[in-house]
Every structure is written in structure tokens, then in C-alpha cells.
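# Observations on the three-dimensional arrangement
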Amino acid sequence: MPRSPEELMDYLAGLGIVVTTHRHPPLFTVEESQDLRGEISGGHTKNLLLKDKKDRYFLVTVEEDARVDLKTIHHAIGASGRVSFGKPDRLMALLGVTPGAVTVFGVVNDSERKVTVVLDEALLEHEIINAHPLHNEATISIRRADLMRFLETTGHRPLVLKVSQ
């Protein structure tokens with residue numbers, strides 16, 4: 001069973017990481033979430049679960065308005081050939097999330113470390129980063145350094161690369 005949003009929050013608290021939670025109606029797209037701008041400051045994320053030809057998975061996290069060229073990103077992230085989107089059943093199996101709730105925090109459920117985390121350089125220019133807490137009915141704000149520490153403790157040292165255009 002994947003960890004619940006509450007268990008994620010307990011995990012973060014256990015690391016001494018303080019986050020701010022913003023509850024809102026379910027958001028399924030970046031466009032819907034942009035209606036919250038002004039209420040929640042910091043960098044807002046868009047997350048893509050990508051699969052290469054060798055069935056390796058990459059969770060690519062960029063700023064919400066970033067453009068990613070799926071025809072060439074495999075060169076930057078070290079994938080074997082072109083990539084495709086991970087199927088919904090893989091989202092649940094690997095990250096414990098459903099479509100519309102993909103989040104960098106999903107790696108808390110990837111105990112086998114099958115997913116490589118890729119963070120876009122531009123996103124890390126923000127001191128505060130915002131992402132869903134395993135569901136799309138809230139957004140949590142976390143300090144950049146705390147996000148990096150969280151990823152390290154889950155065994156997912158991220159690749160920090162320029163993947164957006």
C-alpha cells in the first residue's frame with residue numbers, strides 16, 4: 001500500500017521539515033491551478049512521469065509554465081531512446097498517485113528506487129517550491145533546501161538539469 005498524504009506529512013515532520021499546506025478544490029491541470037496564483041507564492045510544479053525503451057522511469061519536475069521537448073529530452077536525462085508517458089497504472093504502482101496528482105513527493109512511495117528524479121534548473125531558482133501532497137486537493141509549499149533533503153532521504157538524489165525551453 002502506498003503512503004497516504006497524512007503519512008507523507010508525518011514523514012516530512014519526522015525530518016524536521018516544516019511545510020505550509022493550502023487546501024483547495026481538486027485541480028487536474030496546470031491551467032486550473034493557475035487560478036490560485038497570488039494566494040500561493042513560489043515556484044509551482046508540473047510533473048511528468050516518463051518511460052524509456054528499457055522501461056526505466058524518470059519523474060521530471062519543472063515549473064508549471066515550462067515547455068519540455070519530449071522528442072529530445074531523452075538526451076538530457078540519459079534515457080535510452082525517446083520517452084513516452086508512464087501509464088496510469090504505473091503512476092500508482094511507482095508513486096502511489098493517480099493522474100492529476102503526480103508530484104515529486106510521490107517518490108516517498110518508490111522504495112525500490114525505480115524512478116530517477118529530474119529537477120529542472122529553472123525551478124530551483126525559487127526559494128519556495130509548491131507541489132501536491134500525493135493528491136490534488138491541496139498544495140504544499142516547501143523550502144528548496146528541504147525538498148532536496150527530502151529527496152535524499154528517500155534515496156532519490158535528483159539530477160538537476162536544464163530540461164525546459
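Quick note: structure is the one above.
Residues numbered from 1 in each chain as written. Predicted model: local features only at pLDDT ≥ 70, side-chain atom pairs only at ≥ 80, totals over all residues. Heavy atoms only, no water.

### Concerning the side chain of D110
Stated formally: Runs of H or I in DSSP of at least four residues are treated as helices and runs of E of at least two as strands, each being numbered from the N terminus. Every residue pair with non-hydrogen atoms within 4.5 Å of one another is taken to be in contact.
In this fold, D110 is placed in the loop between helix 4 (88-95) and strand 5 (115-120). Sequence-distant contacts of D110, that is, excluding residues within four places in its chain, are made with L94, V115 and H156.

### Let's talk about the side chain of D146
Note the following rule: Burial classification: accessible surface area is computed with a 1.4 Å probe over protein chains only, and a residue below 20% of its type maximum counts as buried, one above 50% as exposed, and the rest as partly exposed.
If you trace the backbone, D146 turns up in helix 5 (residues 144-153). Classification of D146 by relative accessible area gives buried; the value is 10%. Contact partners of D146, with chain neighbours within four places excluded, come to I17 and V18.

### So, the pairing of strand 6 (residues 128-131)
Regular strands have side chains that alternate between both faces of the sheet. Put simply, the test is: One bridge is not enough; two strands pair if DSSP finds at least two bridges between them.
By the bridge criterion, 2 bridges tie strand 2 (residues 43-51) to strand 6 in an arrangement that is parallel. In the sheet register, G43 faces strand 6, and the bridge partner there is I129. Taken together, the 4 bridges between strand 6 and strand 7 (residues 138-143) define a ladder with antiparallel strand orientation. When the sheet's bridge partners are listed, I128 is paired in strand 7 with R143. Between the end of strand 6 and the start of strand 7, which pair antiparallel, lie 6 residues, with L134 showing a positive phi angle near 75°.

### Observations regarding helix 4
As a reminder of what qualifies: Along the arc lie the directions from the helix axis toward the C-beta atoms.
Within helix 4, the full set of buried residues consists of L91, L94 and L95. The buried residues of helix 4 occupy an angular sector of 90° when projected down its axis, which confines them to one face. Turned more than 90 degrees away from the buried face of helix 4 sit D89 and A93, all of them exposed. The inward-facing, buried residues of helix 4 abut strand 2, strand 3 (57-63) and strand 5.

### Overview of the environment of V115
Structurally, the position occupied by V115 is in strand 5. On the basis of relative accessible area, V115 is assigned to the buried category, the value being 4%. Each C-alpha atom of the pair V115 and E127 lies 25 Å from the other, and the pair is 12 residues apart in sequence. Not counting chain neighbours up to four residues away, the residues in contact with V115 comprise L49, Y57, F58, L59, L94, L95, D110 and H156.

### Looking at the packing of aromatic side chains
For clarity, the cut-off: Put simply, two rings from Phe, Tyr or Trp (the six-membered ring, in Trp's case) pair if the centres are within 6.5 Å, and we call them stacked under 30 degrees between planes, edge-to-face over 60, tilted for the rest.
Considering all chains together, one arrives at 2 aromatic pairs under this definition. A centroid spacing of 5.9 Å and a plane angle of 90° characterise the contact between Y11 and F150, whose relative ring orientation is edge-to-face. Taken together, the positions of Y11 in helix 1 (residues 5-14) and F150 in helix 5 put the pair 139 residues apart, joining distant regions of the chain. Judged by its relative accessible area of 0%, F150 falls in the buried class.

### Considering helix 1
Within helix 1, the full set of buried residues consists of P5, L8 and L12. On an axial view of helix 1, the arc spanned by its buried residues comes to 55°, and they lie on one face. Residues of helix 1 that are exposed and angled more than 90 degrees away from the buried face: E6, D10, A13 and G14. The inward-facing, buried residues of helix 1 abut strand 7 and helix 5. Just past helix 1, the residue G16 takes up positive phi, approximately 75°.

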